Amino acid sequence: MIVLPIPFRDPADAFLPFAGRPWSMLLDGAVPEAGRGRWAYLCTDPRHRVTAEDDRVLLDGEAVAGDPFAALEAALARLGPLEGDCPAPFRGGAVGFLGYELGRWLERLPARHGGAAGLPDMAVGLYDTIAAFDVVERRAWVVSDDAGRARRLADALESAGSRAAPPDADPGALPRSSWRPDLTRDEYAARLRRVLGYIAAGDIYQANFTQRFTAPRAPDLDAYALYRRLRGLSPAPFAAFLNLGPGLQVASASPERFLRLDAGGRIETRPIKGTRPRRRDPAEDRAEAEALAASVKDRAENLMIVDLLRNDLSRVAEPGSVRVPELCRIESFASVHHLVSSVEARLRAGLGPVDLLRASFPGGSITGAPKIRAMEIIDELEASRRGPYCGSVLWIGRDGAMDSSIVIRTLVLTAGTVTAQAGGGIVADSDPGAEWEEMLTKLRPLLATLGGWP
């Protein structure tokens, strides 16, 4: 393994010269303002690519048999292991997104909305050369298994560092656009009441019901500038920018971990359920957090998902290793307070990160309980497919380690549109009006990137 120290820069500044390149990706979770992250990773020029779209799985552009998860394992095998020491947890491997609808490769689920041209269910690059940034100690390295590729990336970063980076995009510097919701407030409430009807009938205990806002994409909109604007409005520990080409970029400010797996087999998932808005007045802000901590409804919502995730992890965990070290802890972010729990386990011997994904994807916090029935109801009642939203942005290392987010608080950019989506967990005592307001609380930083919404 080649480990080249390089001068430290803000990862978002360092990525600027690469942002327009297809298959360049920034895992920017170490945004200092968030106070949680430490590591960020810059990836460009993948050795291999895995995509899934229209019931086809492609590895380096060639159709392959099997499902996308098998193709992902095969692509990782092509890279092979990486020997040596490096301070960074991720030293190269798989980086990309798994879309929510990828779950249909794992379970028999309806697909009322069908596919969307140019929007894959999976897009993952395999990178043997990356840059890693330790934001806490302000150090950085290029990591590779090839000295020539390592030197070329280090030189490109050094050359880029000599140019001044612009500040995070001001809203006035981005073209404004008009957001349109899939559902009006009344339509949203009507469909939410149908979810409540399923709960009352005993079909489910909870469903994560969401809706999408769409805006036209201006021809001159710079996707990375939009991400920088979102980064400034809503710093998050699992932020990411993925450029999959001219017709698809993902700009994420997710606060939620999906699955972390270390090389020793230790698993952690951190579901979020329960939200209150931040307030400018400190006393009012503290009151919102205290109200969330005391909310019977929100705690019940969180507990249901904790139980679901315990069940998912138990499918691949060593018997007796699943535990819940934190339950309903308040965590505060730029625009919201959340209730966050953690579930831990140890992966059974002989299994790896893809086995863990098969057992758990998509995440329980964005489906509901019981999981499969909740996903059927989501397909019936939501007005559009989810795409990358409610899927996962992840890295999988060549040593078997993995970290991943739940794709929430995220903008998805296609050739002609920008989409934002949000919702919440619906339980028996959910109020349609309150759920609408919670959904807008989550959406406001996203909508503000292009001028907001009334």
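Please refer to the structure higher up on the page.
The present account deals with the structure reproduced in this document.

## Topic: the overall build of the chain
A tally of helices and strands in the chain yields ten helices and 24 strands. Against the 2.2 N^0.38 benchmark of 22 Å for 454 residues, the chain shows a C-alpha radius of gyration of 21 Å, consistent with a compact globule. When the backbone C-alpha atoms are referred to their principal axes, the chain occupies close to 60 × 55 × 45 Å. Going through the 454 residues of the chain one by one, you find that 58% of them count as buried. Pairs at least 24 apart in sequence give 75% of the contacts found in the chain among residues at least 6 apart. Per element, the accessible surface of the chain, about 17700 Å² overall, is 49% carbon and sulfur. Of the charged side chains in the chain, 56 are positive and 60 negative, and the gap between their average positions amounts to 1 Å.

## With respect to the packing of aromatic side chains
Scanning the model with the defined rule gives 14 aromatic pairs in all. With a centroid separation of 6.4 Å and 75° between ring planes, the pair formed by Phe 8 and Phe 133 is classed as edge-to-face. Linking Phe 8 in the loop between strand S1 (2–6) and helix H1 (11–15) with Phe 133 in strand S9 (residues 129–134), this pair joins segments that are 125 residues apart in sequence. Of the residues examined, Phe 8 reaches a relative accessible area of 19% and is grouped as buried. Taking the relative accessible area as the measure of exposure, Phe 133 reaches 1% and is therefore buried. Through a chain of ring-to-ring contacts, the aromatic side chains of Phe 15, Tyr 224, Tyr 227 and Phe 241 assemble into a single cluster. It is Arg 373 that lies over the ring of Tyr 198; its NZ or CZ is 5.1 Å from the centre.

## Structural notes on the state of the cysteines
Following the criterion strictly, the structure yields zero disulfides and no others. Cys 43 supplies the cysteine sulfur nearest to Cys 86, a cysteine that is in no disulfide, at a spacing of 13 Å. Accessibility expressed as a relative area gives 9% for Cys 86, which makes it buried.

## As for the side chain of Asp 128
Looking at where Asp 128 falls in the secondary structure, it is placed in the loop between strand S8 (122–127) and S9. At 3.3 Å, the side chain of Asp 128 and the side chain of Arg 47 are in polar contact. Looking at Asp 128, its side chain comes within polar contact range of the side chain of Thr 129, at 3.1 Å. What Asp 128 contacts, discounting residues up to four positions off in sequence, is Arg 47, Leu 79, Val 143, Ser 144, Asp 145, Arg 149 and Arg 398.

## Observations concerning a nonpolar patch on the surface
Residues Leu 303, Val 324 and Leu 327 make up a contiguous nonpolar surface patch of about 220 Å² in total accessible area. Note that Val 324 resides in strand S18 (residues 323–332). For Val 324, a relative accessible area of 31% puts it in the partly exposed group.

## Observations concerning the pairing of strand S5 (residues 56–59)
Examined bridge by bridge, strand S4 (residues 48–53) and S5 share four bridges and lie antiparallel to one another. The residue bridging Ala 52 from the neighbouring strand is Val 57, located in S5. If you look at the hairpin formed by S4 and S5, you'll find two residues sitting between the two strands, and Asp 54 has a positive phi there, around 55°. Counted between consecutive antiparallel strands, the loop separating S5 from strand S6 (residues 62–63) contains two residues, among which Asp 60 sits at a positive phi close to 55°.

## Describing the pattern of salt bridges
Inspection of every chain in the model, using the stated rule, returns 42 salt bridges. Between Arg 398 and Asp 145 there is a salt bridge, with the nearest N and O atoms lying 2.8 Å from each other. Of this pair, Arg 398 sits in the loop between strand S21 (392–397) and strand S22 (402–405) while Asp 145 sits in the loop between strand S10 (139–144) and helix H3 (147–161), and the two are 253 residues apart along the sequence. Asp 145 gets classed as partly exposed once you look at its relative accessible area, which sits at 37%. Through salt bridges with shared partners, a single network forms among Arg 257, Arg 260, Glu 268, Arg 270, Glu 326, Arg 329, Glu 331 and Asp 403.

## Observations regarding the environment of Ser 430
Tracing the backbone through its elements, the reader meets Ser 430 in the loop between strand S24 (417–426) and helix H10 (432–448). Among the residues examined, Ser 430 registers a relative accessible area of 7% and is labelled buried. Once the C-alpha coordinates of Ser 430 and Glu 284 are considered, the two residues, 146 residues apart in sequence, prove to be 23 Å apart. Apart from the residues within four sequence positions on either side, Ser 430 is in contact with Leu 196, Lys 297, Gly 425 and Glu 435. Side-chain polar atoms of Ser 430 contact the backbone nitrogen of Val 427, separated by 2.9 Å. Of note is the side chain of Ser 430, whose polar atom sits 3.2 Å from the side chain of Glu 435.

## Considering the environment of Gly 96
By the element assignment, Gly 96 lies in strand S7 (residues 93–98). The buried category is assigned to Gly 96, whose relative accessible area is 0%. Linking Gly 96 and Ser 24, residues 72 residues apart in sequence, is a C-alpha distance of 9.7 Å. Ignoring anything within four residues of it in the chain, the contact list for Gly 96 reads Met 25, Ala 123, Val 124, Leu 242, Ser 392, Val 393 and Leu 394.

Quick notes on the rules
- Residue indices begin from 1 for each chain and proceed along its sequence in written order.
- For this predicted model, a pLDDT threshold of at least 70 governs which residues receive local features, and a threshold of 80 or more governs which side-chain atom pairs are given and counted, while totals over whole chains, interfaces and linings are taken from all residues.
- With hydrogens and water stripped out, all remaining heavy atoms of the structure feed into the side-chain values.
- Note on conventions: DSSP H or I runs of at least 4 residues are helices, E runs of at least 2 residues are strands, and numbering of each starts at the N terminus.
- Radius of gyration here uses only the C-alpha atoms, and the compact-globule reference equals 2.2 Å multiplied by the residue count raised to the power 0.38.
- Under the scheme applied here, a residue whose accessible area is under 20% of the maximum for its type counts as buried, over 50% as exposed, and between as partly exposed, the area being computed with a 1.4 Å probe on protein chains only.
- The contact definition used throughout considers only heavy atoms, calling two residues in contact when any of these lie within 4.5 Å.
- Only the protein chains shown count as cover for residues, and all accessible areas are computed by the Shrake-Rupley method using a 1.4 Å probe.
- Asp and Glu count as negative and Lys and Arg as positive, but His and the ends of the chain are not part of the count.
- Note on charges: their place is set at NZ of Lys, CZ of Arg, CG of Asp or CD of Glu.
- Whether two aromatic rings pair depends on their centres lying within 6.5 Å, for rings of Phe, Tyr and Trp, where Trp uses its six-membered ring; planes under 30 degrees apart make the pair stacked, over 60 edge-to-face, and the rest tilted.
- A ring has a charge above it when a Lys NZ or an Arg CZ is no more than 6 Å from the ring centre and no more than 35 degrees off the ring normal.
- Whenever a pair of cysteine sulfur atoms sits within 2.5 Å, that pair is classed as a disulfide.
- Throughout this description, a polar contact denotes any pair of N or O atoms lying within 3.5 Å of each other; where both atoms belong to protein, one of them has to be capable of donating a hydrogen while the other can accept it, and for residues adjacent in sequence the pair is counted only when both atoms sit in side chains.
- Patch definition: residues above 30% relative accessible area lacking any salt bridge, with like charges linked at up to 9 Å and the nonpolar side chains Val, Leu, Ile, Met, Phe, Trp and Tyr linked at up to 5 Å.
- Every case where a carboxyl oxygen of Asp or Glu lies within 4 Å of a side-chain nitrogen of Lys or Arg is listed as a salt bridge.
- Any two strands with at least two DSSP bridges between them are considered paired.

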